[in-house]
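# Geometric and topological summary
Here is what each chain is made of, one letter per residue.
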Amino acid sequence: MSLRAQLWLVFLLPVAIMAGLYAFGLTIPVPHLGRDYVLRIDLPQGNEPVDLPTIYGPQDRSRPLVVIDAGHGGKDPGSSGSGRREKTLVLGLALALKDALLDQGGVRVALTREDDTFLVLEERPEIARRMDADLFISIHADSAGEITGISGASIYTLSSQASDEAAARFAERENNADRLNGVEVTGQSDAVSDILVQLSQRRVQQNSAEFAALIVREGRSTLKFHPQARRSAALAVLRAPDVPAVLYESGYITNPADAARLTSPEGQRAFAEALARAVRIYFARQTRE
Ligand code: ZN
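Residues numbered from 1 in each chain as written. Predicted model: local features only at pLDDT ≥ 70, side-chain atom pairs only at ≥ 80, totals over all residues. Heavy atoms only, no water.

### So, the sheet that holds strand E6 (residues 108-111)
If you trace the six strands from one edge of the open sheet to the other, you get E6-E3-E7-E10-E8-E9, paired in mixed fashion. Two strands lie at the open edges of the sheet, namely E6 and strand E9 (225-233), each paired on one side alone. Averaged over neighbouring strand pairs, the angle between their axes works out to 20° when direction is ignored. Of the strand pairs in this sheet, strand E8 (residues 153-158) and E9 are connected by five bridges, and their pairing is parallel. The residue bridging Leu158 from the neighbouring strand is Ala233, located in E9. Helix H2 (residues 86-104) rests against strand E3 (65-70), E6, strand E7 (135-142) and strand E10 (245-252) of the sheet, and its axis sits at about 145° to E7. (Pairing = 2+ DSSP bridges. Helix = DSSP H or I, 4+ residues; strand = E, 2+ residues; numbered from the N terminus. Axes fitted to C-alpha atoms, helices over the stretch in contact; angles between N-to-C directions. Contact = heavy atoms within 4.5 Å.)

Spelled out as structure tokens, the structure:
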């Protein structure tokens, strides 16, 4: 057999086997102690990798996909205060937002985690990117340490340089979760030479900023914001270059009033409804353009 024919055989044999499986309805009969067992293979739908989260809502790819990311989880509890842990508080908010978005309709929704699972920081925007998400919302709760009297929500968007000292300190703290896991987050390449990528990133940043502004507008009457509600920082979790992303710091877990509100059904509902409105208006504007 010629080398060329051998190469073709190497390439075509797996294809022939798969075609054979397909022809037999994806089942392989396995003889086993005189009884008929059938091994059924579930192939992933379309080109979606199998380990991505469930997509809720209309199974219509033309509908925008919102990926909600509850911060921390598993061995990484995040901040704590007022007898509560950030990983639990933000999961409650994430699930409430999922429900509000599904009630409102029109969008597909996925969560990076739906239980107390540990996720590496870099996995989170990567999930959104691989799912071809249209919006990424990471939910956290802030800590003021021993300082009392600080409360309210703030919304972070990505900046190439931390916009002020507070934002830089915040970035340090949130990025620490990854360093604990032994993953270097600072290694992300800043050498983005391709002008097209830069333009796309600028567009993504504009969209992120627009969504952040909508959250403030839609939440003004029902949510409690920090006096400086809009901030930008170099947060690893926001580094999906092609998915508009915000990090929503829902409030201060170290502030008893914030912590109580954010864990109450009323507080969760107020948060979820304001963000769902912001999402609806954001996509309505996108389709008008
Ligand atoms: Zn956090």
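### Some details on H2
Across its 19 residues, H2 extends 27 Å between first and last C-alpha, which sits within 8% of the 27 Å expected from 1.5 Å per residue. Positioned one or two residues after H2, Gly105 has a phi angle of 80°, which is positive. (Expected span 1.5 Å × (residues − 1).)

### With respect to the packing of helix H6 (residues 256-263) against helix H7 (residues 265-288)
Closest axis-to-axis distance for the H6/H7 pair is 4 Å, and the angle between their directions is 80°. Here H6 lies roughly perpendicular to H7, going by the angle between them. Along the contact surface, H6 presents Arg261, Leu262 and Thr263, while H7 presents Pro265, Gly267 and Gln268. Residue classes in the contact of H6 with H7 are distributed as two nonpolar, three polar and one charged. (Parallel < 35°, antiparallel > 145°, perpendicular 65-115°, else oblique. Nonpolar A, V, L, I, M, F, W, Y, C, P; charged D, E, K, R; others polar.)

### Overview of the pairing of E8
Of all six residues in E8, five are buried, a share of seventy percent or more. With three bridges joining them, E8 and E10 adopt antiparallel strand pairing. From the neighbouring strand, Ile155 faces E10, where its bridge partner is Tyr248. (Buried < 20%, exposed > 50% of the residue type's maximum accessible area, 1.4 Å probe, protein only.)

### Focus: unusual backbone geometry
The residue Ser82 is not glycine, and still its phi comes out positive at about 50°. Of note, Ser82 is situated in the loop between strand E4 (80-81) and strand E5 (84-85). The exposure class of Ser82 is partly exposed, given its relative accessible area of 33%. Of note in the backbone geometry, Asp132 takes a positive phi value of approximately 60° without being a glycine. Relative to the helices and strands, Asp132 is located in the loop between helix H3 (123-130) and E7. Owing to a relative accessible area of 61%, Asp132 belongs among the exposed residues under this scheme.

### Quick look at the pattern of salt bridges
All told, the structure shown has nine salt bridges when counted by the stated rule. In this structure, Asp60 engages Arg63 in a salt bridge whose closest nitrogen and oxygen atoms are separated by 3.7 Å. With a closest N to O distance of 3.1 Å, Glu218 and Arg217 form a salt bridge. Note on Arg217: relative accessible area 41%, which makes it partly exposed. (Salt bridge = Lys/Arg side-chain N within 4 Å of Asp/Glu carboxyl O.)

### Structural notes on the environment of Asp134
Along the chain, the position of Asp134 falls in the loop between H3 and E7. Judged by its relative accessible area of 30%, Asp134 falls in the partly exposed class. In sequence terms Asp134 and Val204 are 70 residues apart; their C-alpha atoms lie 9.9 Å from each other. In this view, Asp134 contacts Arg63, Pro64, Leu65, Val243, Pro244, Tyr282 and Phe283; residues no more than four positions away in its chain are not counted. Polar contacts involving the side chain of Asp134 include one to the main-chain amide nitrogen of Leu65, which spans 2.8 Å. (Polar contact = N/O pair within 3.5 Å; in protein donor to acceptor, adjacent residues only side chain to side chain.)

### Description of the environment of Leu158
With respect to the element layout, Leu158 can be found in strand E8. Sequence-wise, Leu158 and Val204 are 46 residues apart; in three dimensions their C-alpha atoms are separated by 9.9 Å. For Leu158, the residues in contact, after removing those within four places along its chain, are Gln205, Ser232, Ala233, Ala234, Leu235, Leu238 and Arg239.

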